Amino acid sequence: QLQLVESGGGLVHVGGSLRLSCAAAGFTGFTLDYYAVGWFQQAPGKERKGVGCISSRGVSTYYTDSVKGRFTISRDNANNTVYLQMNDLKPDDTAVYYCAAYGPLLRDTMCTMTGRYNYWGQGTQVTVSS
């Protein structure tokens, strides 16, 4: 059973930066190479929405328009970890951020925010103050 553990959230001022980590663990011999990973945000009282995703081998990424140019998703498959680098943070970015994964995948196909993400992290709070 694949487990995801998130960290890196915190309180920052407008324009600041944070890097979120999503560490994955699974069965013996597990490798994250075969799983696409997405990041989602859920603001207080709001529905969860997609932020972006990265393909299983990291060849391609997708970002929602609101974060393009500010957020970057990367992965270190050797350490079974995916990152969300957030720069130029805005108050509207305030939310609980979740990482999620789907797979296994045989090929490094383009990820999608509407994929069947059945593995989820516990979430980490990001608060942007002004």
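Below is a summary of the structure that appears in this document.

Reading the values: the criteria
Each chain has its residues counted from 1, following the order in which its sequence is written. At least 70 in pLDDT is required for a residue's local features to be given in this predicted model, at least 80 for side-chain atom pairs to be given and counted, and no such filter applies to totals for whole chains, interfaces and linings, which use all residues. Side-chain numbers come from the whole structure's heavy atoms, not from hydrogens or water. Only a pair of cysteine sulfur atoms within 2.5 Å qualifies as a disulfide here. Starting at the N terminus, helices and strands are each numbered in turn, a helix being any DSSP run of H or I of at least four residues and a strand any DSSP run of E of at least two. Here the term buried applies to any residue with accessible area under 20% of the maximum for its type, exposed to any over 50%, and partly exposed to those in between, with areas from a 1.4 Å probe on protein chains only. Contacts were defined at the residue level, with two residues in contact if any of their heavy atoms lie within 4.5 Å. For this analysis, a ring pair means two rings from Phe, Tyr or Trp (six-membered ring only for Trp) whose centres lie within 6.5 Å, classed as stacked if their planes differ by under 30 degrees, edge-to-face if by over 60, and tilted for the remaining angles. For a ring to carry a charge above it, either NZ of a lysine or CZ of an arginine must fall within 6 Å of the ring centroid while also lying within 35 degrees of the normal to the ring plane. A pair of strands counts as paired when DSSP detects no fewer than two bridges linking them. Every axis corresponds to a line fitted to the C-alpha atoms, with the helix fit spanning only the stretch in contact, and the corresponding angles, defined between N-to-C directions, vary from 0 to 180 degrees.

### A closer look at the state of the cysteines
Part 1: For the coordinates displayed, the defined rule picks out two disulfides.
Part 2: Note that C22 is cross-linked by a disulfide to C99, the S-S spacing being 2.0 Å. In this structure the cystine formed by C22 and C99 twists about its S-S bond by roughly 70°; its chirality is therefore right-handed. Taken together, the residues C22 in strand β3 (residues 18-25) and C99 in strand β9 (residues 95-102) connect sequence positions 77 residues apart.
Part 3: With a relative accessible area of 0%, C99 lands in the buried category.
Part 4: Here C53 connects covalently by a disulfide to C111, the sulfurs 2.0 Å from one another. Measuring the twist about the S-S bond at about 85°, one finds the C53-C111 disulfide to be right-handed. Note that C53 is positioned in strand β5 (residues 49-54) and C111 in the loop between β9 and β10 (119-120), a separation of 58 residues in sequence. The residues C53 and C111 share a single accessibility class, namely buried.

### Examining the side chain of S55
Part 1: For S55, the position within the fold is in the loop between β5 and β6 (61-63).
Part 2: When sequence neighbours within four positions are dropped, the list of residues in contact with S55 reads A36, S60, R75, D108, T109 and C111.

### As for the packing of aromatic side chains
Part 1: Scanning the model with the defined rule gives eight aromatic pairs in all.
Part 2: With centroids separated by 4.9 Å and ring planes inclined at 85°, the aromatic side chains of Y102 and Y117 adopt a geometry described as edge-to-face. In this pair, Y102 is assigned in strand β9 and Y117 in the loop between β9 and β10, connecting sequence segments 15 residues apart. Pair check on accessibility: Y102 and Y117 agree, each one buried.
Part 3: Among the aromatic residues, ring-to-ring pairing joins F40, Y98, Y102, Y117 and W120 into one connected group.
Part 4: When the ring centre of F40 is taken as origin, the NZ or CZ atom of R48, which lies over that ring, is 5.9 Å away.

### A short note on the sheet that holds strand β7 (residues 71-76)
Part 1: On the basis of which strands lie adjacent, the open sheet formed by four strands has the order β1-β3-β8-β7 and antiparallel pairing. At either margin of the open sheet sits one strand with a lone partner, and together these are β1 (3-7) and β7. For this sheet, the mean angle separating the axes of adjacent strands, direction not counted, is 20°.
Part 2: The pairing of β1 with β3 spans five bridges and is antiparallel. Residue pairing across strands places E6 opposite C22, the latter belonging to β3.

### Quick look at the environment of V59
Part 1: Following the sequence through the fold, V59 ends up in the loop between β5 and β6.
Part 2: Sequence separation of V59 and M110 is 51 residues, and the distance between their C-alpha atoms is 8.3 Å.

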